Amino acid sequence: MTMDEIERETRDVVRFWSGRDDDGIAGVMGVQARGDVELIRHAYVSTLKRNDGIGAALLLHLQAMTTVAADLT
């Protein structure tokens with residue numbers, strides 16, 4: 001994602017969270033409120049960090065923060 005794209009998304013009120021490990025940022029996800037729904041946006045995990053649980057941890061964190069928690073299990 002370019003800096004221009006990040007700036008455009010943050011203007012559209014996409015709130016971003018990062019998942020980190022000892023090497024730094026391993027994944028990024030965002031959430032955006034749109035009327036009655038909250039969208040999970042821009043779910044990225046480093047290729048070298050896939051299958052380490054970073055994406056699942058970010059998704060669970062964002063799910064817990066939404067006003068309408070969905071049952072994803």
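So, here's what we can say about the structure. In this text the structure is predicted, and so the values were computed from the model without any measurement.

**Concerning the overall build of the protein**
If you tally the helices and strands in the protein, you get two helices and three strands. Of the regular secondary structure in the protein, the N- to C-terminal order runs α-β-β-β-α. Within the protein, the fraction of its 73 residues that count as buried is 22%.

**Notes on helix H2 (residues 54-65)**
Between its terminal C-alpha atoms H2 stretches 17 Å, which fits the 16 Å expected from 12 residues at 1.5 Å a residue. Three or more residues of H2 are buried, namely Ile-54, Leu-58, Leu-62 and Gln-63. Buried residues of H2, viewed axially, fall in a sector of 160°; they line one side. Opposite the buried face of H2, at more than 90 degrees from it, the exposed residues are Leu-60 and Ala-64. Contact partners of the buried residues in H2: strand E1 (14-21), strand E2 (24-34) and strand E3 (37-45).

**Side note on unusual backbone geometry**
The phi angle at Asn-51 is positive, at roughly 70°, despite the residue not being glycine. Tracing the backbone shows Asn-51 in the loop between E3 and H2.

**Structural notes on the pairing of E1**
Regular strands place side chains that alternate from one sheet face to the opposite one. Relative to E2, E1 is paired through eight bridges, and the arrangement is antiparallel. Its bridge partner being in E2, Arg-20 is matched across the sheet by Ile-25. Hairpin geometry of E1 and E2 is characterised by an intervening segment of two residues between the two adjacent antiparallel strands.

**Describing the pattern of salt bridges**
Applying the stated criterion across every chain yields a total of three salt bridges. One salt bridge in this structure joins Glu-38 and Arg-15, with 3.6 Å as the shortest N-O distance. Within this pair, whereas Glu-38 is found in strand E3, its partner Arg-15 is found in strand E1, the two being separated by 23 residues in sequence. Close ionic contact of Lys-49 with Asp-21 constitutes a salt bridge, the shortest N to O distance being 2.8 Å. Taken together, the residues Lys-49 in the loop between E3 and H2 and Asp-21 in strand E1 connect sequence positions 28 residues apart. Overall, the relative accessible area of 17% leaves Lys-49 in the buried class.

**Topic: the sheet that holds E1**
Taken in spatial order, the three strands make up an open sheet running E1-E2-E3, and their pairing is antiparallel. If you trace the sheet from one side to the other, it starts and ends with E1 and E3, each paired once. Taken pair by pair, the neighbouring strands of this sheet meet at an average axis angle of 20°, ignoring direction. Lying on the sheet, helix H1 (residues 3-11) is in contact with E1 and E3; it crosses E1 at an angle near 125°. On the sheet, H2 packs against E1, E2 and E3 and is oriented at approximately 30° with respect to E2.

Thresholds applied
Residues numbered from 1 in each chain as written. Predicted model: local features only at pLDDT ≥ 70, side-chain atom pairs only at ≥ 80, totals over all residues. Heavy atoms only, no water. Helix = DSSP H or I, 4+ residues; strand = E, 2+ residues; numbered from the N terminus. Buried < 20%, exposed > 50% of the residue type's maximum accessible area, 1.4 Å probe, protein only. Expected span 1.5 Å × (residues − 1). Arc of directions from axis to C-beta. Contact = heavy atoms within 4.5 Å. Pairing = 2+ DSSP bridges. Salt bridge = Lys/Arg side-chain N within 4 Å of Asp/Glu carboxyl O. Axes fitted to C-alpha atoms, helices over the stretch in contact; angles between N-to-C directions.

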